[in-house]
Amino acid sequence: MPEWLNLPLGLGGASLPKDMATLREMKERGEPIAMLTCYDYPTALLEERAGVDVMLVGDSVGTNVLGYASEIEVTLADIRHHVRAVRRGVSEGYLLADLPYRTYEDETSAVANAQELLLSGADGVKLEGVRPRIVQALSRAGIDVCAHIGLSMQAQDQVRVKGKTFDEARTIYEGAVALEQAGAKMMVLELLPDELAQAITRRLGIPTIGIGAGPHTDGQVLVVQDMLGVTARAMRHARTYLNLQELLPTAFSAYVADVRRRSFPADQNYSHMREDDALAMRGWLDAPNG
Ligand code: KIV
């Protein structure tokens, strides 16, 4: 473990690696599950140290890290690259990876692409929408599946709370039940009203993880960039624990200023040659053929 990570232990502490059975037991005990997105090795170490239960390499990596205009530009190769980095930092948390847009159009490609993610180090895969046939194929292939319903960035949905009317709510509820019956082992509920998220959570045996879906789901997930204040816009569903939008530019400007006025590097930031070697070098450089 790198020296800079010598931080006090968070709520986690050393424990066995989490799997879907552990997460289900947490639901049964009424112990809330903490999930965060994670895209790189140092963040993975820090999240694990803080006791995050599930690290998600989400397709939100596209807009939050890679500078893409939308999640649908994210490729399987992108997710694999980030999963490999996160895997190096996660030993106790559960590492979930998104199947990106159009990588699960049919059962065969879904299984093949999910297996690629597992080979890169993911413990399980997440996919958007109500796709029971795909979920069933994956789970028959022995792959842990987390379903994701409500807002679907891959479907380029409008950002609005889904399921506010009774008809919409019933369709979503029935979709959730069908996904569990197809073998889903966990479910993300994104931007659903509290009442519906609560009803689904009560009905399902598998853990539900909410984002903008109220306090009654079995766990919560946030995009790490949102909770660290890297994302410029404030979002109602997120809580900002740090304001990196302010802190990072302040640090970058201080560095630029220090370089300009030559106050960086300071003595402690570099080394010297031994005096006799420095003298010998100077003599050699000053010699006619030096
Ligand atoms: O990709 C992602 O970050 C997600 C979360 C919003 C759950 O799917």
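It should be emphasised that the depicted structure is a prediction, and the values quoted were computed from it without experimental measurement.

Cut-offs used in this document
Residues numbered from 1 in each chain as written. Predicted model: local features only at pLDDT ≥ 70, side-chain atom pairs only at ≥ 80, totals over all residues. Heavy atoms only, no water. Domains from an automatic or database assignment. Buried < 20%, exposed > 50% of the residue type's maximum accessible area, 1.4 Å probe, protein only. Helix = DSSP H or I, 4+ residues; strand = E, 2+ residues; numbered from the N terminus. Arc of directions from axis to C-beta. Contact = heavy atoms within 4.5 Å. Polar contact = N/O pair within 3.5 Å; in protein donor to acceptor, adjacent residues only side chain to side chain. Axes fitted to C-alpha atoms, helices over the stretch in contact; angles between N-to-C directions. Parallel < 35°, antiparallel > 145°, perpendicular 65-115°, else oblique. Left-handed = near helix turned anticlockwise from the far one by under 90°. Nonpolar A, V, L, I, M, F, W, Y, C, P; charged D, E, K, R; others polar. Core = buried A, V, L, I, M, F, W, Y, C linked by side-chain atoms within 4.5 Å.

Domain boundaries assigned for the protein chain yield domain 1 (3–242) and domain 2 (247–286). Distance between the C-alpha centres of domain 1 and domain 2: 46 Å.

A word on helix α1 (residues 20–29). The set of residues buried in α1 consists of Met20, Leu23, Met26 and Lys27. The buried residues of α1 occupy one face: seen down the axis, they fall within an arc of 115°. Set apart from the buried face of α1 by more than 90 degrees, the exposed residues are Glu28 and Arg29. The elements touched by buried residues of α1 are β1 (33–37), β2 (54–57), β3 (94–98), β6 (186–190) and α8 (194–203). At the N-terminal end of α1, a side-chain oxygen is found 3.1 Å from the backbone nitrogen of alanine 21, two or three residues along, and the residue is aspartate 19.

With that out of the way, let us pick up the packing of helix α4 (residues 76–89) against helix α5 (residues 107–120). Running from N to C, α4 and α5 cross one another at 25°; their axes reach a closest spacing of 8 Å. For the element pair α4 / α5, the angle class is roughly parallel. Taken as a pair, α4 and α5 cross one another with a handedness that is right-handed. Between α4 and α5, the residues in contact are Leu76, Ile79, Arg80, Val83, Arg84 and Arg87 and Asn113, Glu116, Leu117, Leu119 and Ser120, respectively. Residue classes in the contact of α4 with α5 are distributed as 5 nonpolar, 2 polar and 4 charged.

The subject of this paragraph is the nonpolar core. Residues Leu138, Met187 and Ile200 are the most contacted members of the largest nonpolar core, which totals 54 residues. When near neighbours in sequence (up to four residues on either side) are disregarded, leucine 138 contacts Leu99, Ala110, Val111, Ala114, Val125, Leu127, Ile143 and Val145. The next biggest cluster of nonpolar side chains, apart from the first, holds 15 residues, and it includes Met20, Tyr94, Leu96 and Val188.

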